[in-house]
Amino acid sequence: MTTFTPIPHDLYRHAEPEAGEVLPALTGRLKRHRPVEEFEPNWAHVLSGTASVVAVVAALCCGHLDVPERVWPAVLRLYCPTAWRLLSKAGISFEQWNLGQCDAVLCATVAATANTELHGYAVFAVMDVPAAVAEIVATLGSVPTFT
């Protein structure tokens, strides 16, 4: 299985300035409000389709606020066209895939393809299906069936 690159917590420092704003750590009496430096992504830039992959990954994984729900499918469509095509050909929506409501092999393939298209950064969780099956068989003696 492919090993993907862990995302550095300060990846935003390597992105273009339009990627977002770096909010400095506060000092003195205000330190409790922002004790460490924070990154505030510029979602308009990310969704423009012109952002660098580093800016996209930093926005998704290093921002101090949650990623808006509308951003995830747009990022997959704009920056991971091969992964998006896999979903489209299978007739699976982003929401179904993201919730794991499709074949496990397809889920893993789309995630691995998307991570590869995002320069190998580990943005999406990838399950090694053959390894998981082998572990289940080793633990339980066989793959369980539910009736």
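Structure first, text after, so check above.
Here the structure is a predicted model, which means the values were calculated and not measured.

About the thresholds
- Each residue is numbered by its place in its chain's sequence as written, counting from 1.
- In keeping with the predicted nature of the model, local features appear solely for residues at pLDDT of at least 70, side-chain atom pairs appear and are counted solely at 80 or more, and the whole-chain, interface and lining totals rest on all residues.
- Processing note: side-chain calculations cover all non-hydrogen atoms of the structure and skip hydrogens and water entirely.
- Put simply, DSSP marks the helices as runs of H or I at least four residues long and the strands as runs of E at least two long, and each gets a number from the N terminus on.
- A simple rule labels every residue: compare its accessible area, found with a 1.4 Å probe on the protein chains alone, to the largest value its type can have, and call it buried under 20%, exposed over 50%, or partly exposed in between.
- By the convention used here, residues are in contact when the closest approach between their heavy atoms is within 4.5 Å.
- Note that accessible areas follow from Shrake-Rupley with a 1.4 Å probe, and for residues the cover is restricted to the protein chains shown.
- Residues scored as charged are limited to Lys and Arg (positive) and Asp and Glu (negative), so that His and the chain ends carry no count.
- Every charge is mapped onto a representative atom, which is NZ of Lys, CZ of Arg, CG of Asp or CD of Glu.
- Nonpolar cores were defined as sets of buried Ala, Val, Leu, Ile, Met, Phe, Trp, Tyr and Cys residues, with membership established by side-chain atoms within 4.5 Å.
- Any helix carries an expected span of 1.5 Å times its number of residues minus one.
- Any pair of nitrogen or oxygen atoms within 3.5 Å is treated as a polar contact; in protein, a donor-acceptor pairing is required on top of that, and neighbouring residues in sequence qualify only through side-chain atoms on both sides.

Caption draft 1: Spotlight on the overall build of the protein. Helices and strands together make up the secondary structure of the protein, namely seven helices and two strands. The helix and strand sequence of the protein, counted from the amino end, reads β-β-α-α-α-α-α-α-α. Counting over 147 residues, the protein shows a buried share of 36%. Long-range pairs, those at least 24 residues apart, make up 51% of the contacts in the protein with a sequence separation of at least 6. Of the accessible surface of the protein, which amounts to about 9000 Å², a share of 57% is contributed by carbon and sulfur atoms. In the protein, 9 positive and 14 negative side-chain charges are present, and the distance between their average locations comes to 8 Å.

Caption draft 2: Just the nonpolar core, in detail. Counting 38 residues, the largest nonpolar core has Val56, Leu60, Leu76, Trp97, Leu118 and Phe124 as the members making the most contacts within it. The residues touching Leu118, leaving out its near neighbours within four places in the chain, are Val53, Val56, Val57, Tyr79, Cys80, Val123 and Phe124.

Caption draft 3: Spotlight on helix α2 (residues 53–62). Judged by how many residues are buried, α2 sits mostly within the fold: nine of 10 residues are covered. Within the sequence span of α2, burial applies to Val53, Val54, Ala55, Val56, Val57, Ala58, Ala59, Leu60 and Cys62. Lining the buried residues of α2 we find β2 (38–41), α1 (43–46), α3 (71–79) and α6 (104–117).

Caption draft 4: Fine view of the environment of Arg29. Looking at the secondary structure, you find Arg29 in the loop between β1 (20–23) and β2. Its relative accessible area of 81% is what places Arg29 among the exposed residues.

Caption draft 5: Spatial organisation of the side chain of Asn115. Mapped onto the secondary structure, Asn115 falls in helix α6. With a relative accessible area of 0%, Asn115 lands in the buried category. Sequence-distant contacts of Asn115, that is, excluding residues within four places in its chain, are made with Phe4, Gly120, Tyr121, Ala122, Val123, Phe124 and Val126.

Caption draft 6: Focus on α6. For α6, spanning 14 residues, the distance from its first C-alpha to its last is 20 Å, which sits close to the expected 20 Å at 1.5 Å a residue. The complete set of buried residues in α6 reads Leu106, Cys107, Ala108, Val110, Ala111, Thr113, Ala114, Asn115 and Glu117. For α6, the capping residue at the N-terminal end is Asp103, with a side-chain oxygen 3.2 Å from the backbone nitrogen of Val105. One or two steps after α6, the chain reaches His119, where phi turns positive at roughly 60°.

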